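Results of the structural survey
So the chains spell out like this:
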Amino acid sequence: MFKNEYLTRVYTQVEKRNPGEPEFLQAVQEVLESLETYLEKHPEYEANGILERLVEPERMIQFRVSWVDDAGKVQVNRGYRVQFNSAIGPYKGGIRFHSSVNASIIKFLGFEQTFKNSLTGLPMGGGKGGSDFDPMGKSDGEIMRFCQSFMTELSKHIGQFTDVPAGDIGVGAREVGYMFGQYKRLRNEFTGVLTGKGLSYGGSLVRTEATGYGLCYFAQEILKNMCSDSFEGKKVLVSGTGNVGTFACEKATQLGATVVGISDISGCVYEPEGIDVELLKQVKMKERKLVKDYAALRPNATFDPDCRNLWKMPCDIALPCATQNELDGEDAKALIANGIKLLCEGANMPCTPQAVQAFQSAGIPFGPAKAANAGGVATSGLEMSQNSLRLSWSFAEVDEKLKGIMKGIFENAYKASEDCGVPGNLVVGANVAGFVKVADAMLAQGVAY
Ligand code: NDP
Ligand code: 2IT
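Throughout, residues of each chain are indexed from 1 in the direction in which the sequence is written. Whichever chain is written first is A, and whichever ligand is written first is 1; the rest continue in order. The predicted origin of the model limits local features to residues at a pLDDT of at least 70 and limits the giving and counting of side-chain atom pairs to 80 or more, whereas totals for whole chains, interfaces and linings rest on all residues. As a rule here, side-chain values come from all non-hydrogen atoms in the structure, and water together with hydrogens is ignored.

**Remarks on the pairing of strand β10 (residues 317–320)**
Neither face of β10 is exposed, since Ile317 and Leu319 on one face and Ala318 and Pro320 on the opposite face are all buried. Summarising the sheet, strand β6 (residues 235–239) and β10 pair through four bridges and their orientation is parallel. Among the inter-strand pairings, Val238 is bridged to a residue of β10, identified as Leu319. Strands are labelled as partners when DSSP assigns at least two bridges between them. Numbering of helices and strands runs from the N terminus; a helix is a DSSP stretch of H or I covering at least four residues, while a strand is a stretch of E covering at least two. Bridging between β10 and strand β11 (residues 342–344) involves two bridges; their strand directions are parallel. Bridge assignment links Ala318 to a residue of β11, and that residue is Leu343. By convention a crossover is right-handed if, when the strands point away from the viewer, the path from the first strand over the helix to the second runs clockwise. Between the parallel pair β10 and β11, the chain is carried across by helix α12 (residues 329–337), and the sense of this crossover is right-handed. For every residue, the accessible area obtained with a 1.4 Å probe (protein chains only) is divided by the maximum for its type, and the residue is called buried under 20%, exposed over 50%, and partly exposed between those limits.

Okay, structure coming up:
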C-alpha cells in the first residue's frame, strides 16, 4: 500500500485502533498516500510524531440524546462530537443528522475537516458532530425538541473560542436556529457559537449559498487554468439537491451551463433543456418535497427512481453533492465513456478510491472535496469574523471574499502538486497544502499538543 515505512507503521496502527470504521480508514489512507513524496523530503515530521498525532482525534465525545415524540413516546438517539485538531484554531465543522451516522462517519468527516479548514487560510481547527436521528417525516416540534436535547449535552463542550459547529446533511438554518436558541438559554450568552445562523441573529449573507457557489468557483479555476475553458455551454449533472447541490445548480446555470440532471433519495431527473432552479428551490427547500415531485411539474423531464442512474447520463461536468461513496468505479467508467471533462466533489468523499483512480488514469481533471467544497466552511469563518466585529458585510462583499478564497485554494493546491512532481494532481496538492500549515503549527506548539 505504501512504499514508505513510516506511513506503513502509522496506517497499521490506525487500522488496529479503529476496527470496523471503513470510512475513517478510507479517508486516512488517501491522505497518507498523498503525503508520501513530501514526507520523504521532510524528516522533521516523523521525528516529532506528527502523523501519529494527526490521525488520533484530540477528543471524541459520545452522548445519549433522549427526546419525546409527538405521540408522547420517549425516543433515544446517539450524539457525537469529534474535536479532531485544534492546532490552527478552535474546532470547526458541521453537524450531521442522518440514520447512517456512526463513529466512523463522524471521524472521517472530522479528519478531512482539519485539512479543508487549513486550506481556507482562516484560523479554524477541525471538528464534526452529528446523530443517527433521522429527520425524515418528523414534525417541526419533534425536530425542535430533538435539537434542544442534543444541544443540552453539546453545550458543555463547545463555545465561540473552543468549538463552533454548523450544518451538514439534515441540518440547515431551522436546526441551527433551534440549537442556537437552546445554547443561549443554557448559557445566558449571545455569542457566535454556531455558524449558518439566520440573518436576524448573527448569520452571514452568502453562507446558505456558499458551498455550492464555492464549488462552482473552484471548478471555474480548474476549467480556466487547466483546460483553457469555462462553464459556458457545458452540460452538468448534480447529485443531491440539498443545501450544496441546489446552489451548485444555481451558480452553474448563472455561469452559462445547462444543468441536465439532478437527484435525491427519491431518484434522478433528466431534463435536456435544463432544470428550473427557482422551481427546484420551491419544491425542495420551501415545501421539503422530493425531485420526484419536481419532475411531475415538468413536462419535458424524465424521472428514474434509481438515483445512481444519474451517472449514466451524458455530461461535460459532474458535481456529486449528496454523500460519501455515492459514485463508484463503475459510475466513473460510465461518465468517462460518455465524455466527461471535469469532476468536482461537492459532498465529502463522494467518489470511492476506485472512481478517483479511474478519473485520474483517464486524465480527467478532478477537484477533491477538501478543496472544492471548502467554500461553506470558509464563509462560516467569515460569519465568525463578522460576529466578533459586531458587523454584517453585504452579499457582494462576502461573495467577493469567497471567490478570492476559492481561487487561493486552487493556486495553493496546484502549486503543491507541482512541488510534489505531479502537476495537476489536486488530490495530492490539496492534501499536502492543507497538511503543511497544521503540521507546522503542531511542531511549533510542542508535543503535549
Ligand atoms: P442536505 O441534507 O441539505 O442535502 C443532502 C442531499 O443529498 C439531499 O438532497 C438528499 O436527498 C441527498 N442524499 C443524501 N443521501 C443520499 C444518498 N445516499 N443517495 C442519494 N442522495 C442522497 O445536505 P448538504 O447539502 O448540506 O450536504 C451534502 C454533502 O455536502 C454532504 O456530503 C456534506 O457533508 C457536504 N458538505 C456540506 C456543506 C454545507 O455547508 N452544508 C459544506 C461542505 C460539504 P433528500 O433530499 O431526498 O433527503
Ligand atoms: O463539511 C463541511 O465543510 C461543512 N459541513 C461546513 C462546516 C462549517 O463549519 O461551516
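**Re the sheet that holds β11**
The sheet built from seven strands is open, its strands ordered β9-β8-β7-β6-β10-β11-β12 with mixed pairing. Sheet topology places β9 (302–304) and β12 (366–367) at the edges, where each strand pairs with a single neighbour. Any two residues having at least one pair of non-hydrogen atoms within 4.5 Å are treated as being in contact. Angles shown run from 0 to 180 degrees and are taken between the N-to-C directions of axes, each axis being a line fitted to C-alpha atoms and, for helices, limited to the stretch in contact. Sitting on the sheet, helix α8 (residues 207–227) is in contact with β10, β11 and β12, with an inclination near 145° to β11. Sitting on the sheet, helix α9 (residues 243–254) is in contact with β6, β7 (258–264) and β10, with an inclination near 175° to β7.

**Looking at the nonpolar core**
Joining through side-chain atoms within 4.5 Å is the link that ties buried Ala, Val, Leu, Ile, Met, Phe, Trp, Tyr and Cys residues into a set, and such a set is a nonpolar core. Phe218, Phe231, Ile262 and Leu319 are the most contacted members of the largest nonpolar core, which has 56 residues in total. No other element matches the nine residues that α8 contributes to this core. Once you skip the residues sitting within four places of it in the chain, Phe218 turns out to touch Cys344, Gly367, Ala371, Ala372, Met406, Ile409, Phe410 and Leu426. Core analysis: the second largest hydrophobic core is formed by 42 residues, Val14, Phe84, Met349 and Val432 among them.

**Structural notes on the pattern of salt bridges**
Throughout this description, the term salt bridge denotes a Lys or Arg side-chain nitrogen within 4 Å of a carboxyl oxygen of Asp or Glu. In total, this model carries 29 salt bridges according to the counting rule given. A salt bridge links Glu30 to Lys370; its shortest N-O distance comes to 3.0 Å. With Glu30 in helix α2 (residues 22–41) and Lys370 in helix α14 (residues 369–372), the pair connects residues that are 340 residues apart, well separated along the chain. As a salt-bridge pair, Lys370 and Glu112 come within 3.4 Å of each other at their nearest N and O atoms. Note that Lys370 is positioned in helix α14 and Glu112 in helix α5 (residues 103–119), a separation of 258 residues in sequence. When sorted by exposure, Lys370 lands in the same class as Glu112, which is buried. What emerges from the salt-bridge pattern is a single network uniting Glu5, Arg9, Glu46 and Glu52.

**Quick word on the pairing of β7**
Working note: regular strand, side chains alternate between the two faces of the sheet. Of all seven residues in β7, six are buried; the element is thus mostly enclosed. Note that β6 and β7 share four bridges and pair parallel. What sits directly across from Val236, in β7, is Val259. For the crossover that starts at β6, traverses α9 and ends in the parallel β7, the hand is right-handed. Linking β7 to strand β8 (residues 267–270), which pair antiparallel, is a turn of two residues.

**Structural notes on the packing of aromatic side chains**
Side-chain rings of Phe, Tyr and Trp (the six-membered ring for Trp) are treated as a pair once their centres are within 6.5 Å; stacked means planes under 30 degrees apart, edge-to-face means over 60, and tilted covers the remaining angles. Using the criterion set out here, one finds 23 aromatic pairs in the structure. In this structure, Lys138 is placed above the aromatic ring of Phe133, and the distance from its NZ or CZ to the ring centre is 5.3 Å. Across the ring face of Trp393, the terminal group of Lys401 is positioned such that the distance to the ring centre comes to 4.6 Å. Only when the NZ atom of a Lys or the CZ atom of an Arg is both within 6 Å of the ring centre and within 35 degrees of the ring normal do we say a charge sits over the ring.

**A look at α2**
A helix is expected to span 1.5 Å multiplied by its residue count minus one. Taking 1.5 Å of rise per residue, the 20 residues of α2 would be expected to cover 28 Å, and the 30 Å separating its terminal C-alpha atoms lies within 8% of that figure. In this analysis the local bend is the angle between axes fitted, respectively, to the seven residues ending at and the seven residues starting at the residue. Bending of α2 peaks at approximately 50° at the position of Leu35.

**Observations regarding unusual backbone geometry**
Here Val206, not a glycine, exhibits a phi torsion of approximately 75°, which is positive. Judged by its relative accessible area of 3%, Val206 is buried. The phi dihedral of Ser228 is positive, around 45°, even though this residue is not glycine. Within the secondary structure layout, Ser228 lies in the loop between α8 and β6. Among the residues examined, Ser228 registers a relative accessible area of 69% and is labelled exposed.

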